[in-house]
Every structure is written in structure tokens, then in C-alpha cells.
Amino acid sequence: MPHAAAPPVILGNEPGSFPRSVLAERHPAIIRQVREAFPYGPDHHRGLDALLAACADGVIDPLPADAHDRDRWRVWGLDAHTGSSWFDVPWLWSESYFYRRLLEAVGYFGPGPWQGIDPFRPFKLAELEAPETDEELAALDALEGRPVEEQDRALLHGSLWGNRADLGFRLSDAGAEQRAAVPGLVADDSERLWELLPQADADSGSDTGSGSGSGTGTGTGTVCLVADNAGRELVPDLLLAAHLLAHRRCGRVVLHVKPYPYYVSDATTADVVDAVRKLSGARGAAGGRGRRLWQAMADGTLTVRAHPFSAAPLPYERMPDDLRAEFASATLTIVKGDLNYRRLVGDSRWAPTTAFADVTAYFPGPVAALRTLKSDVITGLDAGTEAALVAAEGQRWRTGGTHALIQVRE
Ligand SMILES: O=P(O)(O)OC[C@@]1(O)O[C@H](CO)[C@@H](O)[C@@H]1O
């Protein structure tokens, strides 16, 4: 019963803490950026002013009476938190509600002409069109014809390190991009991940010109890929999905994205469309993968899912039955990124050596976390690793985005 012993959930009110800085500094900065990026009208500006004031020293207001998702938010705890300071409720909850309110302020949920206009789209597109994205795509050419194991590793690590491409994080940590990543993972269960996804025994990989097809799998299982950021993270996630399908490590990939813009750069269906279009128009190997993804969407071997719970302010332990059933039937669920990790293990300051298998015991099927470390929550380290990290960096390793992990619970 790991959760009986769970430490208290993280709040945003501890002076000097990372969560407090996100609420007090990152959120106002996001409001500023969004305001500058669009020619919004007076109502939008008034809405943004009100949110800015509420974030600084106000309290949590209820949603408008006619909000389409008011009942859902009440189930998710809105009534209990209404009237409380943003800093005094679970941090995960305040952050999530902040994005919900921001979208409200800019008319995202309508009705009206601004309905569906993603306030983060200019930032996401700029990243997708950045020269770095093209360089990453061009690098795929060198991978063609390499042994499958090498491709496995490269594509898995591409998806893992793609998680550094988080626009919200860079906003509050200007030096993040310049800091060098530490290649040695703090936990690495990647072998177990590949064991859960053996190649099918028939010939495979013909479309990539490689692959022995000598595996033991059936090639028919489903991988749920719970995506995180759009752009430079989603592109390698899609390339990983294409690789799994091409090498018949699974027969179907279900890509879970957010139902609406969230945490600045989190991927929505529109971002998947942009990324697949970008890939399929690319030169060389990347273009081939992109066109295969396009085809996979057409034949249903790659599907996109935008479940409301993907943007819920709650840990995955409280997932609804339909989502539970989906994850239960998957061969493997791959959970990307820092926020999803917090939701997967529970947003508490666990002792870093708490077993990952214990805190994810509730998850209905095999689950893998691919995450760069950008918040305090961490589990599954061995004592030696933790000691070495602390000796080298104090507690900075937890939030600096330079370390990464691959953890698996079968
Ligand atoms: O989930 P991601 O994109 O990897 O990271 C999300 C993040 O930037 O936002 C949260 C704080 O706002 C933290 O969980 C983390 O720092």
C-alpha cells in the first residue's frame, strides 16, 4: 500500500520553493507573453488583468455558471478550493486551473470568434520551424541502415531528451537551453522497455531498409504514448511511434494529447497535425517516416486521443474507468515528461529511493516513464545515485532539466 505512506502533496506556498516560483513568476510571465503575441481586444485584456491580479494575491474563483466543463471541474475539486489562495491548494491543481482560466480569458472556449485560437500557437510554431528541428530531422539519414538496436536506442533517447523542449520551463529558466545535458541517466530501465516490445517474428523493417525480423513478439499489441510537449518533443515522439510500428514492436500506437492548450507547449491534436505535416514534407529519411505516419493515421494504426483527464489537475491514480480500461489493455503505456511523471507517481516529495514499482502499483498495465528532471518529484533512484547527485549539485539536479530517466514497471 505505497500511498498509505505517501508524503503530503506539494503545495505552492513554501517560500523560496520551485512551486512557489512557478505560481508567482512563471504564470505572470506567461500572461505577459500571451498578451504580447496576439492583438487581443479589450475584453481579453480585462480578463488577463483579472487573472494576473488573482494569481498575485487573490483567491481561486469558480468557473462561470455556463462553463461547458464546470461540472467536471467540480468533480475535480473546484468547490473545495474556491476561495482559497492559489498558493495554498495542491500545486498541481493551481497550475492546471491557471491554464483553464487563461484560456477562459482569451475566449478559447467561446462562443465567439476567438473560440479555438490557441494562445501558445505562435511559440509552438516558431519551435517547429526552428533550424534546430531541421537539423534533428536531417540526422535521421545517418541512422538509416544501422542495426535495429542502434536505431532503437537513438529513437528512444531522441524522444526522452526531446522533453527538454518545454517552453514553460525555458520561460522561467532562461539558461536552461544552454546547460549541457548529462547523458548518463539517473535510472535506466530501457532494456526492460524493449523486452516488453519484442519485434514480431516475421520480416520487419523493410520500409526502413533494416531490421532482421527475428524477434519473438506478435506485432499486434497497442502502445499508448502519453505525449507531453509539441514541436521538438512531439516530432521525436512521432518518430519513435513510426519506428515501433515499422519494426512491428506493436501493431498500433495511441497518442494521448491534451484536449486544449496547456502548460504552454503541451501537444494538442492541432500540434500533431502540424508535426505530421512537417515530417511528411521533410527531405530524406524523416520524410519517409512522416509519410508512413500519415498512412498510419489513415489506416488506424496511429490514432490520437484527447481525453479530458489528460488535462486534469489530479494524479493518474484517480483516472476514470474508461481511461483505466484503455491503459489496461495496452502492451505498454509510455508516459512522457515531467508533469506526467508528477501525475504518474503522485505530486509529493517522495524519498528519492522510494520504489517506482510501488508508487505506480495502481497503474492498470505496464508503464514506462521517459522524463527529464524539471521539478522536485523523484522516485526509483538507488541510494548511491542519489548521494552522487547531491554531492555534485546539492538539490539542483531535481529541477535543472539536465538529467533524465527511463523507468519501467511491468
Ligand atoms: O511536463 P514537462 O513539459 O516536461 O515539464 C513541465 C514543467 O516545466 O512544468 C511544471 C512546472 O510548471 C513542471 O512539472 C515542469 O517544470
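No experiment lies behind these values; they were computed from the predicted model shown. (Residues numbered from 1 in each chain as written. Predicted model: local features only at pLDDT ≥ 70, side-chain atom pairs only at ≥ 80, totals over all residues.)

## Description of the overall build of the protein
Per the secondary structure count, the protein includes 17 helices and seven strands. At 21 Å, the protein has a C-alpha radius of gyration in line with the 22 Å of a compact globule built from 410 residues. Counting only C-alpha atoms, the protein reaches 60 × 50 × 40 Å along its principal axes. Among the 410 residues that make up the protein, the fraction classed as buried is 48%. (Helix = DSSP H or I, 4+ residues; strand = E, 2+ residues; numbered from the N terminus. Rg over C-alpha atoms; globule rule 2.2 N^0.38 Å. Buried ≥ 20, exposed ≤ 12 C-beta atoms within 10 Å, placed from the backbone.)

## With respect to the nonpolar core
Core analysis: the biggest nonpolar cluster contains 70 residues, and Val223, Leu225, Leu238, Ala241, Val253, Leu255 and Ala368 have the highest contact counts within it. With 10 residues, helix α11 (residues 234-246) is the largest single contributor of residues to this core. Excluding residues within four positions of it along the chain, Leu238 makes contact with Ala275, Val276, Leu279 and Leu293. Counting 36 residues, the second-largest nonpolar core is a separate cluster that includes Ile10, Ile60, Tyr263 and Ala311. (Core = buried A, V, L, I, M, F, W, Y, C linked by C-beta atoms within 7 Å. Contact = placed C-beta atoms within 7 Å.)

## Thoughts on the sheet that holds strand β3 (residues 252-256)
With mixed pairing, the seven strands of this open sheet are ordered in space as β1-β7-β6-β5-β2-β3-β4. In this open sheet, the two strands that pair with only one neighbour each are β1 (187-188) and β4 (302-305). In terms of strand pairing, strand β5 (residues 332-336) meets strand β6 (residues 367-372) through four bridges, oriented parallel. Bridging across to β6, Val335 finds its partner in Ala369. Here helix α15 (residues 338-345) sits on the sheet and contacts β2 (222-226), β5 and β6; the angle it forms with β6, its principal contact strand, is near 135°. (Pairing = 2+ DSSP bridges. Axes fitted to C-alpha atoms, helices over the stretch in contact; angles between N-to-C directions.)

## Re the environment of Ser159
Here Ser159 lies in helix α8 (residues 148-162). Residues Ser159 and Leu370, 211 residues apart in the sequence, show an inter-C-alpha distance of 7.9 Å. Among residues more than four places away in sequence, those in contact with Ser159 are Pro236, Asp237, Leu240 and Leu370.

## Observations regarding the confidence of the model for the protein
Averaged over all residues, the pLDDT of the protein equals 93, while 92% of them reach at least 70. Low pLDDT, under 50, characterises residues 203-213; the stretch is placed with 29 contacts to residues that sit more than four places away or in other chains. The ipTM, which scores confidence in the relative placement of chains, is 0.98 for this predicted complex, and the corresponding pTM is 0.94. (pLDDT = per-residue confidence, 0-100.)

## Some thoughts on the domain arrangement of the protein
With domains assigned, the protein is organised as domain 1 (2-119) and domain 2 (128-409). Between the C-alpha centres of domain 1 and domain 2 the distance comes to 27 Å. Taken residue by residue, the interface counts 27 residues in domain 1 and 27 residues in domain 2. Of all the elements in the fold, those that place two or more residues in the side of domain 1 that touches domain 2 are α1 (18-37) and α5 (91-105). Each residue belonging to the side of domain 1 that touches domain 2 can be placed in one class, and the counts come to 20 nonpolar, three polar and four charged. (Domains from an automatic or database assignment. Nonpolar A, V, L, I, M, F, W, Y, C, P; charged D, E, K, R; others polar.)

## Section: the environment of Asn229
By secondary structure assignment, the location of Asn229 is in the loop between β2 and α11. Between the C-alpha atom of Asn229 and that of Tyr262, which follows or precedes it by 33 residues, the distance is 9.3 Å. In this structure, Asn229 is in contact with Asn163, Ala165, Asp166, Leu234, Ser265, Asp266, Ala267 and Gly337, ignoring residues within four places of it in sequence.

## As for the packing of α8 against α11
In helix packing, the relevant descriptors are the interaxial angle and the interaxial distance, both defined with respect to the helix axes. At their nearest, the axes of α8 and α11 sit 8 Å apart, and the two run at 150° to each other. By the angle between their directions, the pair α8 and α11 is classed as roughly antiparallel. In the packing of α8 onto α11, the handedness of the crossing is left-handed. Contacts between α8 and α11 pair Gln151, Leu155, Leu156, Gly158, Ser159 and Gly162 from the former with Pro236, Asp237, Leu239, Leu240 and His243 from the latter. Taken together, the residues that form the contact of α8 with α11 break down as five nonpolar, five polar and one charged. (Parallel < 35°, antiparallel > 145°, perpendicular 65-115°, else oblique. Left-handed = near helix turned anticlockwise from the far one by under 90°.)

## Some points on the pairing of β2
Across the five residues that make up β2, a large majority, four, are buried. Bridging between β2 and β3 involves five bridges; their strand directions are parallel. Residue Val226 lies in a different strand from β3, and its bridge partner there is His256. Across four bridges, the pairing between β2 and β5 is parallel. Its bridge partner being in β5, Val226 is matched across the sheet by Val335.

## Remarks on the packing of helix α6 (residues 121-128) against helix α12 (residues 269-280)
Viewed as axis vectors pointing N to C, α6 and α12 meet at an angle of 20°, and their least axial separation amounts to 11 Å. If you check the angle between α6 and α12, you find them roughly parallel. The crossing of α6 and α12 is right-handed. Contact with α6, carried on its side by Lys124, Leu125 and Leu128, involves Asp271, Asp274, Ala275 and Lys278 of α12 and no other residues of that element. Looking at side-chain class alone, the contact of α6 with α12 contains three nonpolar, no polar and four charged residues.

## Remarks on unusual backbone geometry
Omega for the bond connecting Gly110 with Pro111 falls within 30 degrees of zero, at 0°, which places this linkage in the cis form. Mapping Pro111 onto the fold places it in the loop between α5 and α6. The backbone of Arg248 sits at a positive phi, close to 50°, despite the residue not being glycine. Topologically, Arg248 is positioned in the loop between α11 and β3. Residue Tyr263 is not a glycine yet carries a positive backbone phi of 45°. One can find Tyr263 in the loop between β3 and α12.

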